[in-house]
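# Examination of the molecular architecture
Next come the chains, spelled out residue by residue.
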Amino acid sequence: GDMDMRQALCTMQFWLIFTSATIIAGSGLAVINNISQMQEALNKGKKDDSVTSVLVTVVAVGSCCGRLGIGGIASVWEKREKWSVLLCVATALMTGSCLWISWIRDARQLYGACLGVGTAFGMLWALMVPLLLDLFGPRKIASIYAVVNFAPMIGSIAMATGMVGLWYDHQRTMENKDGDYPCEGVRC
């Protein structure tokens, strides 16, 4: 139906979407913000800016594919529930890609994981407006969408800056007592 902001905030659907957006965007931004450190840690402390640039490009290509893929699927899938199902798929893809990153032993495996992260990240942004329109109607979509756009900021602070950054700093100080050198190995 046509809901205003207050009504939307009182629904479980809004908070599920907000939580999914926080997780997907926060995880995606954590990978994007820390891709250089991940590559360096898996490359035995050797920083390679050209590899980092390619990994960022792979994330961007994945994001493009995620956005285009959602558009293609939406044009052929007639069910109303498609947006919610596709948001679950995006969440599962981001979760799987981040788990894959946590198990990587070789820097070359980052390419596939970055493609998955980028695809899920792109899917999120392609799904958000039609999902919100479908659930809450067009009357106050701009204000509802504006509030949902706080999710990436919260996710980035919690995951990219907080969880991932603190873990890397902790592992680096455990490995190097003076903390002046980059952290090396899988645990980083």
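Preceding this paragraph is the structure being described.
A few words on the packing of helix 2 (residues 12-42) against helix 3 (residues 49-76). The geometry of a pair of packed helices is captured by two quantities: the angle between their axes and the separation between those axes. Relative orientation of the contacting elements helix 2 and helix 3 amounts to 145°, with a least axis distance of 9 Å. Helix 3 is crossed by helix 2, and the crossing has right-handed handedness. Mapping the contact onto sequence places Ile-32, Ile-35, Ser-36 and Gln-39 in helix 2 and Val-51, Thr-52, Leu-55, Val-56 and Val-59 in helix 3. Residue composition of the contact of helix 2 with helix 3, by class: six nonpolar, three polar and no charged.

Now for the state of the cysteines. If you walk through the whole model with that rule in mind, you get zero disulfides. Cysteine Cys-98 remains unbridged, with the sulfur of Cys-114 as its closest cysteine sulfur at 9.7 Å. Relative accessible area serves as the criterion here: at 23%, Cys-98 is assigned to the partly exposed category.

Bending of helix 2 peaks at approximately 65° at the position of Asn-34. In the segment just after helix 2, Lys-44 is the residue with positive phi, at about 55°.

The next subject is the packing of aromatic side chains. What the rule picks out here adds up to five aromatic pairs. With centroids separated by 6.1 Å and ring planes inclined at 25°, the aromatic side chains of Phe-14 and Phe-18 adopt a geometry described as stacked. In this pair, Phe-14 and Phe-18 are both assigned in helix 2, four residues apart and thus about one turn of the helix distant. Phe-14 sits in the buried class, given a relative accessible area of 0%. Judged by its relative accessible area of 11%, Phe-18 is buried. Pairing Trp-15 with Phe-18 gives two aromatic rings, centres 5.5 Å apart and planes at 65°, and the pair type is edge-to-face. Here Phe-18 and Trp-15 lie together in helix 2, a separation of three residues that amounts to about one turn.

Another point: the environment of Ser-53. Tracing the sequence through the fold places Ser-53 in helix 3. The partly exposed category is assigned to Ser-53, whose relative accessible area is 44%. C-alpha separation for the pair Ser-53 and Thr-173, spaced 120 residues apart in sequence, amounts to 27 Å.

A separate point is the nonpolar core. Soluble globular proteins tend to pack their nonpolar side chains together in the buried interior. Within the largest apolar cluster, 44 residues are counted, with the highest numbers of intra-cluster contacts made by Ile-101, Leu-124 and Leu-132. Of all elements in the fold, only helix 1 (5-9), helix 2, helix 3, helix 4 (82-103), helix 5 (110-136) and helix 6 (141-148) reach the threshold of two or more residues within this core. No other element matches helix 5, which puts 14 residues into this core.

A word on the environment of Ala-142. Tracing the chain through its elements places Ala-142 in helix 6. Each C-alpha atom of the pair Ala-142 and Val-117 lies 27 Å from the other, and the pair is 25 residues apart in sequence.

What counts and how
Residues numbered from 1 in each chain as written. Predicted model: local features only at pLDDT ≥ 70, side-chain atom pairs only at ≥ 80, totals over all residues. Heavy atoms only, no water. Axes fitted to C-alpha atoms, helices over the stretch in contact; angles between N-to-C directions. Helix = DSSP H or I, 4+ residues; strand = E, 2+ residues; numbered from the N terminus. Left-handed = near helix turned anticlockwise from the far one by under 90°. Contact = heavy atoms within 4.5 Å. Nonpolar A, V, L, I, M, F, W, Y, C, P; charged D, E, K, R; others polar. Disulfide = S-S within 2.5 Å. Buried < 20%, exposed > 50% of the residue type's maximum accessible area, 1.4 Å probe, protein only. Bend = angle between axes of the 7 residues up to and from the residue. Phe/Tyr/Trp six-rings, centres within 6.5 Å; stacked < 30°, edge-to-face > 60°. Core = buried A, V, L, I, M, F, W, Y, C linked by side-chain atoms within 4.5 Å.

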